[in-house]
Amino acid sequence: MSQAMKMNNFQKIAFFCVLSLIGLIFVGAVVRVTGAGMGCPDWPKCWGKYIPPSSIEGIDVDKLVTNEAFIREYRSVAGEDAVLTADALREMFNPRHTWTEYLNRLSSSPLAFGSIALLAYAQLFLRKRKKLLIGAYGAVFLVALNAVIGMLVVKTGLHEGVITLHMILAIMLLCLLVFLVWRGAERPKGLEFTNGKQKLVFGLGLGLFILIVVEGVMGSQVRELTDALLKSHKNEVRSEWSAELEQAAVYLVHRSFSWVIAAGGLVFFWFNWTATKRRFTWIEGAVVGIIIAQMILGLVLAQVGVLPVVQVLHIGLSSILVSCLFYWLLCAGRKQSS
(Lines give C-alpha, C1' and ligand atoms only; values in the text may rest on other atoms or scores of the structure.)
Protein backbone atom coordinates (compact mmCIF):
# COMPACT_ATOMS: atom_id res chain seq x y z
CA MET A 1 0.00 0.00 0.00
CA SER A 2 2.84 2.39 0.83
CA GLN A 3 4.30 1.81 -2.63
CA ALA A 4 0.96 2.62 -4.26
CA MET A 5 0.61 5.84 -2.21
CA LYS A 6 3.93 7.09 -3.59
CA MET A 7 2.77 6.73 -7.17
CA ASN A 8 1.94 9.79 -9.23
CA ASN A 9 -1.31 9.96 -11.19
CA PHE A 10 0.16 8.49 -14.37
CA GLN A 11 1.57 5.53 -12.45
CA LYS A 12 -1.73 4.96 -10.68
CA ILE A 13 -3.60 4.79 -13.99
CA ALA A 14 -0.97 2.44 -15.44
CA PHE A 15 -1.09 0.27 -12.31
CA PHE A 16 -4.89 0.15 -12.57
CA CYS A 17 -4.45 -1.12 -16.14
CA VAL A 18 -2.02 -3.80 -14.92
CA LEU A 19 -4.51 -5.00 -12.31
CA SER A 20 -7.34 -4.89 -14.87
CA LEU A 21 -5.36 -7.02 -17.31
CA ILE A 22 -4.38 -9.57 -14.66
CA GLY A 23 -8.02 -9.74 -13.57
CA LEU A 24 -9.06 -10.22 -17.19
CA ILE A 25 -6.58 -13.09 -17.55
CA PHE A 26 -8.08 -14.76 -14.47
CA VAL A 27 -11.59 -14.33 -15.86
CA GLY A 28 -10.46 -15.61 -19.26
CA ALA A 29 -9.01 -18.67 -17.53
CA VAL A 30 -12.41 -19.35 -15.93
CA VAL A 31 -13.99 -19.17 -19.39
CA ARG A 32 -11.45 -21.64 -20.78
CA VAL A 33 -11.65 -24.25 -18.04
CA THR A 34 -15.46 -24.21 -17.93
CA GLY A 35 -15.72 -24.67 -21.69
CA ALA A 36 -17.66 -21.41 -22.00
CA GLY A 37 -15.48 -20.01 -24.78
CA MET A 38 -18.32 -20.21 -27.26
CA GLY A 39 -21.02 -19.32 -24.76
CA CYS A 40 -21.57 -16.33 -27.05
CA PRO A 41 -21.00 -17.77 -30.54
CA ASP A 42 -21.38 -14.37 -32.25
CA TRP A 43 -19.59 -11.04 -31.83
CA PRO A 44 -20.11 -8.24 -30.81
CA LYS A 45 -23.60 -9.44 -29.93
CA CYS A 46 -24.30 -12.54 -27.87
CA TRP A 47 -26.94 -14.88 -29.31
CA GLY A 48 -28.04 -12.03 -31.51
CA LYS A 49 -28.51 -9.59 -28.60
CA TYR A 50 -26.40 -6.96 -26.85
CA ILE A 51 -27.62 -8.31 -23.50
CA PRO A 52 -27.84 -12.11 -23.75
CA PRO A 53 -30.98 -14.02 -22.81
CA SER A 54 -31.16 -16.23 -19.76
CA SER A 55 -33.37 -18.82 -21.46
CA ILE A 56 -33.85 -20.26 -24.94
CA GLU A 57 -37.20 -18.50 -25.19
CA GLY A 58 -35.36 -15.20 -25.55
CA ILE A 59 -33.62 -16.30 -28.77
CA ASP A 60 -34.88 -15.96 -32.33
CA VAL A 61 -34.06 -19.55 -33.25
CA ASP A 62 -35.31 -19.38 -36.83
CA LYS A 63 -33.02 -16.43 -37.57
CA LEU A 64 -29.92 -17.82 -35.92
CA VAL A 65 -29.94 -21.24 -37.63
CA THR A 66 -28.56 -19.45 -40.70
CA ASN A 67 -25.85 -17.58 -38.74
CA GLU A 68 -22.37 -18.68 -39.85
CA ALA A 69 -20.86 -18.46 -36.36
CA PHE A 70 -23.48 -20.77 -34.94
CA ILE A 71 -23.11 -23.18 -37.84
CA ARG A 72 -19.31 -23.24 -37.38
CA GLU A 73 -19.54 -23.94 -33.63
CA TYR A 74 -22.10 -26.69 -34.13
CA ARG A 75 -19.97 -28.38 -36.78
CA SER A 76 -16.89 -28.21 -34.56
CA VAL A 77 -18.75 -30.52 -32.17
CA ALA A 78 -21.03 -32.56 -34.44
CA GLY A 79 -18.80 -32.82 -37.52
CA GLU A 80 -18.07 -30.80 -40.65
CA ASP A 81 -21.08 -32.13 -42.55
CA ALA A 82 -23.59 -31.67 -39.73
CA VAL A 83 -26.64 -29.49 -40.41
CA LEU A 84 -27.67 -26.97 -37.78
CA THR A 85 -31.37 -27.23 -36.99
CA ALA A 86 -33.60 -25.37 -34.57
CA ASP A 87 -33.58 -28.33 -32.18
CA ALA A 88 -29.79 -28.55 -32.31
CA LEU A 89 -29.54 -24.83 -31.59
CA ARG A 90 -31.77 -25.20 -28.53
CA GLU A 91 -29.52 -28.00 -27.29
CA MET A 92 -26.44 -25.82 -27.88
CA PHE A 93 -27.68 -23.01 -25.66
CA ASN A 94 -26.21 -23.08 -22.16
CA PRO A 95 -27.18 -20.05 -20.03
CA ARG A 96 -24.30 -20.59 -17.60
CA HIS A 97 -21.74 -20.63 -20.42
CA THR A 98 -23.43 -17.69 -22.09
CA TRP A 99 -23.23 -15.44 -19.07
CA THR A 100 -19.71 -16.60 -18.18
CA GLU A 101 -18.46 -15.53 -21.62
CA TYR A 102 -20.56 -12.35 -21.58
CA LEU A 103 -19.09 -11.30 -18.21
CA ASN A 104 -15.65 -12.05 -19.64
CA ARG A 105 -16.34 -9.53 -22.40
CA LEU A 106 -17.59 -6.96 -19.91
CA SER A 107 -14.48 -7.41 -17.75
CA SER A 108 -12.38 -6.04 -20.60
CA SER A 109 -14.04 -2.63 -20.22
CA PRO A 110 -11.89 -1.37 -17.28
CA LEU A 111 -8.73 -2.14 -19.26
CA ALA A 112 -10.07 -0.43 -22.38
CA PHE A 113 -11.12 2.73 -20.55
CA GLY A 114 -7.98 2.68 -18.41
CA SER A 115 -5.69 2.57 -21.45
CA ILE A 116 -7.58 5.48 -23.02
CA ALA A 117 -7.27 7.46 -19.78
CA LEU A 118 -3.56 6.64 -19.70
CA LEU A 119 -3.07 8.01 -23.21
CA ALA A 120 -5.16 11.11 -22.46
CA TYR A 121 -3.13 11.88 -19.35
CA ALA A 122 0.17 11.38 -21.19
CA GLN A 123 -1.02 13.57 -24.06
CA LEU A 124 -2.15 16.37 -21.74
CA PHE A 125 0.59 16.41 -19.12
CA LEU A 126 3.57 14.31 -20.24
CA ARG A 127 4.13 15.25 -23.86
CA LYS A 128 7.79 16.04 -23.16
CA ARG A 129 8.38 12.55 -21.78
CA LYS A 130 8.41 10.81 -25.14
CA LYS A 131 8.88 7.26 -23.84
CA LEU A 132 5.75 7.52 -21.71
CA LEU A 133 3.74 9.05 -24.53
CA ILE A 134 4.85 6.43 -27.05
CA GLY A 135 4.23 3.69 -24.48
CA ALA A 136 0.70 4.98 -23.83
CA TYR A 137 -0.04 4.93 -27.56
CA GLY A 138 1.38 1.41 -27.70
CA ALA A 139 -0.86 0.29 -24.85
CA VAL A 140 -4.00 1.56 -26.61
CA PHE A 141 -2.87 -0.14 -29.83
CA LEU A 142 -2.28 -3.50 -28.13
CA VAL A 143 -5.62 -3.31 -26.30
CA ALA A 144 -7.40 -2.62 -29.59
CA LEU A 145 -5.43 -5.32 -31.43
CA ASN A 146 -6.20 -7.90 -28.76
CA ALA A 147 -9.89 -6.94 -28.97
CA VAL A 148 -9.77 -7.72 -32.69
CA ILE A 149 -8.00 -11.02 -31.98
CA GLY A 150 -10.69 -11.79 -29.39
CA MET A 151 -13.30 -11.22 -32.08
CA LEU A 152 -11.40 -13.61 -34.38
CA VAL A 153 -11.33 -16.21 -31.60
CA VAL A 154 -15.12 -16.21 -31.70
CA LYS A 155 -15.48 -15.98 -35.46
CA THR A 156 -13.00 -18.82 -36.07
CA GLY A 157 -14.72 -21.09 -33.55
CA LEU A 158 -11.86 -21.03 -30.98
CA HIS A 159 -9.13 -21.70 -33.54
CA GLU A 160 -6.04 -22.96 -31.69
CA GLY A 161 -3.42 -20.64 -33.21
CA VAL A 162 -5.57 -17.57 -32.66
CA ILE A 163 -5.97 -18.39 -28.96
CA THR A 164 -2.19 -18.67 -28.50
CA LEU A 165 -1.68 -15.35 -30.31
CA HIS A 166 -4.31 -13.83 -27.99
CA MET A 167 -2.21 -14.85 -24.98
CA ILE A 168 1.10 -13.68 -26.48
CA LEU A 169 -0.34 -10.22 -27.12
CA ALA A 170 -1.65 -10.12 -23.55
CA ILE A 171 1.87 -10.83 -22.24
CA MET A 172 3.30 -8.05 -24.44
CA LEU A 173 0.67 -5.62 -23.17
CA LEU A 174 1.32 -6.63 -19.56
CA CYS A 175 5.05 -5.97 -19.90
CA LEU A 176 4.41 -2.60 -21.54
CA LEU A 177 2.06 -1.52 -18.76
CA VAL A 178 4.55 -2.63 -16.09
CA PHE A 179 7.20 -0.58 -17.88
CA LEU A 180 4.93 2.49 -17.77
CA VAL A 181 4.35 2.02 -14.03
CA TRP A 182 8.11 1.86 -13.47
CA ARG A 183 9.16 4.57 -15.91
CA GLY A 184 6.36 6.90 -14.86
CA ALA A 185 8.15 7.74 -11.61
CA GLU A 186 10.26 10.90 -11.38
CA ARG A 187 13.16 8.67 -10.38
CA PRO A 188 12.54 5.07 -11.54
CA LYS A 189 13.43 2.47 -8.94
CA GLY A 190 16.85 0.80 -9.10
CA LEU A 191 18.55 -1.99 -7.15
CA GLU A 192 21.85 -2.05 -5.27
CA PHE A 193 24.40 -4.73 -6.15
CA THR A 194 27.90 -5.54 -4.98
CA ASN A 195 30.68 -4.62 -7.38
CA GLY A 196 30.82 -6.72 -10.53
CA LYS A 197 27.62 -8.66 -9.82
CA GLN A 198 24.98 -6.58 -11.61
CA LYS A 199 25.53 -8.00 -15.12
CA LEU A 200 25.62 -11.58 -13.83
CA VAL A 201 22.44 -11.32 -11.78
CA PHE A 202 20.64 -9.34 -14.48
CA GLY A 203 21.59 -12.00 -17.05
CA LEU A 204 20.24 -14.74 -14.79
CA GLY A 205 16.99 -12.84 -14.31
CA LEU A 206 16.65 -12.22 -18.05
CA GLY A 207 17.28 -15.88 -18.81
CA LEU A 208 14.67 -16.89 -16.24
CA PHE A 209 12.18 -14.43 -17.74
CA ILE A 210 12.67 -15.87 -21.24
CA LEU A 211 12.19 -19.41 -19.91
CA ILE A 212 8.97 -18.39 -18.16
CA VAL A 213 7.56 -16.72 -21.30
CA VAL A 214 8.40 -19.80 -23.41
CA GLU A 215 6.78 -22.00 -20.77
CA GLY A 216 3.72 -19.76 -20.82
CA VAL A 217 3.35 -20.07 -24.60
CA MET A 218 3.60 -23.85 -24.33
CA GLY A 219 1.09 -23.72 -21.49
CA SER A 220 -1.35 -21.91 -23.76
CA GLN A 221 -0.97 -24.73 -26.28
CA VAL A 222 -1.57 -27.28 -23.53
CA ARG A 223 -4.73 -25.44 -22.57
CA GLU A 224 -5.86 -25.75 -26.17
CA LEU A 225 -5.49 -29.51 -25.74
CA THR A 226 -7.57 -29.44 -22.55
CA ASP A 227 -10.21 -27.39 -24.40
CA ALA A 228 -10.45 -30.20 -26.95
CA LEU A 229 -10.65 -32.80 -24.16
CA LEU A 230 -13.43 -30.82 -22.52
CA LYS A 231 -15.47 -31.36 -25.69
CA SER A 232 -14.46 -34.92 -26.52
CA HIS A 233 -14.23 -36.28 -22.96
CA LYS A 234 -16.80 -34.16 -21.17
CA ASN A 235 -18.38 -37.22 -19.52
CA GLU A 236 -15.06 -38.54 -18.19
CA VAL A 237 -13.42 -37.74 -14.86
CA ARG A 238 -10.75 -35.04 -15.27
CA SER A 239 -8.21 -37.18 -13.44
CA GLU A 240 -8.19 -39.44 -16.51
CA TRP A 241 -7.19 -36.62 -18.87
CA SER A 242 -3.49 -36.86 -17.99
CA ALA A 243 -3.12 -40.10 -19.94
CA GLU A 244 -4.54 -38.37 -23.02
CA LEU A 245 -2.36 -35.30 -22.57
CA GLU A 246 0.76 -37.43 -22.31
CA GLN A 247 0.27 -38.41 -25.94
CA ALA A 248 1.13 -34.83 -26.94
CA ALA A 249 4.80 -33.78 -27.12
CA VAL A 250 4.07 -30.17 -26.14
CA TYR A 251 2.52 -31.36 -22.86
CA LEU A 252 5.52 -33.53 -22.00
CA VAL A 253 7.95 -30.71 -22.79
CA HIS A 254 5.85 -28.20 -20.82
CA ARG A 255 5.73 -30.50 -17.83
CA SER A 256 9.46 -31.24 -17.85
CA PHE A 257 10.40 -27.65 -18.63
CA SER A 258 8.90 -26.55 -15.32
CA TRP A 259 11.78 -28.26 -13.50
CA VAL A 260 14.24 -26.18 -15.52
CA ILE A 261 12.40 -23.04 -14.39
CA ALA A 262 12.41 -24.24 -10.77
CA ALA A 263 16.18 -24.80 -10.93
CA GLY A 264 16.62 -21.43 -12.63
CA GLY A 265 14.55 -19.81 -9.89
CA LEU A 266 16.79 -21.26 -7.17
CA VAL A 267 19.94 -20.10 -8.99
CA PHE A 268 18.38 -16.66 -9.42
CA PHE A 269 17.49 -16.60 -5.71
CA TRP A 270 20.98 -17.53 -4.55
CA PHE A 271 23.00 -15.18 -6.74
CA ASN A 272 20.57 -12.32 -6.13
CA TRP A 273 20.77 -12.99 -2.41
CA THR A 274 24.56 -12.71 -2.40
CA ALA A 275 24.77 -9.82 -4.90
CA THR A 276 22.39 -7.63 -2.88
CA LYS A 277 24.13 -8.38 0.46
CA ARG A 278 21.02 -10.32 1.56
CA ARG A 279 18.78 -7.27 1.20
CA PHE A 280 15.86 -8.85 -0.60
CA THR A 281 12.90 -6.74 -1.71
CA TRP A 282 9.31 -7.91 -2.08
CA ILE A 283 9.91 -8.35 -5.82
CA GLU A 284 12.43 -11.19 -5.48
CA GLY A 285 10.32 -12.83 -2.80
CA ALA A 286 7.24 -12.72 -5.01
CA VAL A 287 9.11 -14.21 -7.99
CA VAL A 288 10.54 -17.14 -6.03
CA GLY A 289 7.30 -17.69 -4.09
CA ILE A 290 5.17 -17.82 -7.24
CA ILE A 291 7.60 -20.22 -8.95
CA ILE A 292 7.27 -22.58 -5.98
CA ALA A 293 3.47 -22.22 -6.01
CA GLN A 294 3.39 -22.90 -9.77
CA MET A 295 5.42 -26.08 -9.29
CA ILE A 296 2.96 -27.31 -6.67
CA LEU A 297 -0.03 -26.48 -8.89
CA GLY A 298 1.67 -28.17 -11.86
CA LEU A 299 2.22 -31.33 -9.82
CA VAL A 300 -1.45 -31.35 -8.82
CA LEU A 301 -2.52 -31.00 -12.47
CA ALA A 302 -0.18 -33.81 -13.57
CA GLN A 303 -0.69 -36.26 -10.70
CA VAL A 304 -4.19 -35.58 -9.35
CA GLY A 305 -6.12 -34.30 -12.35
CA VAL A 306 -6.87 -31.28 -14.52
CA LEU A 307 -8.94 -29.57 -11.84
CA PRO A 308 -10.68 -26.33 -12.91
CA VAL A 309 -9.72 -24.27 -9.84
CA VAL A 310 -6.09 -25.34 -10.09
CA GLN A 311 -6.06 -24.49 -13.81
CA VAL A 312 -7.37 -20.98 -13.14
CA LEU A 313 -4.79 -20.36 -10.41
CA HIS A 314 -2.01 -21.77 -12.61
CA ILE A 315 -2.90 -19.45 -15.49
CA GLY A 316 -3.54 -16.37 -13.38
CA LEU A 317 -0.38 -16.70 -11.28
CA SER A 318 1.66 -16.91 -14.48
CA SER A 319 0.60 -13.36 -15.36
CA ILE A 320 1.58 -12.11 -11.89
CA LEU A 321 4.93 -13.89 -12.17
CA VAL A 322 5.66 -12.26 -15.53
CA SER A 323 4.72 -8.84 -14.10
CA CYS A 324 6.93 -9.16 -11.02
CA LEU A 325 9.96 -10.53 -12.84
CA PHE A 326 9.75 -7.95 -15.63
CA TYR A 327 9.51 -5.19 -13.02
CA TRP A 328 12.60 -6.64 -11.31
CA LEU A 329 14.49 -6.61 -14.63
CA LEU A 330 13.65 -2.94 -15.10
CA CYS A 331 14.88 -2.14 -11.60
CA ALA A 332 17.98 -4.34 -11.91
CA GLY A 333 18.94 -2.65 -15.14
CA ARG A 334 19.06 0.67 -13.30
CA LYS A 335 21.51 0.02 -10.52
CA GLN A 336 21.51 2.75 -7.87
CA SER A 337 25.01 2.30 -6.54
CA SER A 338 27.81 -0.24 -6.11
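Criteria and thresholds
- Residues numbered from 1 in each chain as written.
- Predicted model: local features only at pLDDT ≥ 70, side-chain atom pairs only at ≥ 80, totals over all residues.
- Heavy atoms only, no water.
- Salt bridge = Lys/Arg side-chain N within 4 Å of Asp/Glu carboxyl O.
- Helix = DSSP H or I, 4+ residues; strand = E, 2+ residues; numbered from the N terminus.
- Buried < 20%, exposed > 50% of the residue type's maximum accessible area, 1.4 Å probe, protein only.
- 1 Å grid on protein atoms, 1.4 Å probe; cavity = no way out; pocket = protein on both sides within 12 Å on 5 of 7 lines; lining within 4 Å.
- Points joined across faces, edges and corners; volume = space filled by probe spheres on them.
- Nonpolar A, V, L, I, M, F, W, Y, C, P; charged D, E, K, R; others polar.
- pLDDT = per-residue confidence, 0-100.

A. Highlighting the pattern of salt bridges. One pass over the structure, following the stated rule, counts three salt bridges. A salt bridge links E186 to R129; the nearest nitrogen and oxygen atoms lie 4.0 Å apart. With E186 in the loop between α9 (160-183) and α10 (198-232) and R129 in the loop between α7 (109-125) and α8 (130-155), this pair connects stretches of sequence that are 57 residues apart. A relative accessible area of 25% means that R129 is categorised as partly exposed.

B. View of the layout of surface pockets. Empty space within the largest pocket amounts to approximately 1000 Å³. Around the largest pocket, the lining is made up of 40 residues, and of these L24, N104, N146, G150 and H166 lie nearest the centre. When contributions to the lining of the largest pocket are tallied by element, the ones reaching two or more residues are α2 (9-33), α6 (95-106), α7, α8, α9 and α10. For the lining of the largest pocket, the element with the most residues is α8, which contributes nine residues. Its residues assigned to classes, the lining of the largest pocket shows 26 nonpolar, ten polar and four charged.

C. Fine view of the confidence of the model for the protein. Per-residue pLDDT for the protein averages 85, and the proportion of residues at 70 or more is 88%. Looking at the elements of the protein, mean pLDDT is at its lowest for helix α1 (residues 2-5), recorded as 45, and at its highest for α7, recorded as 96.

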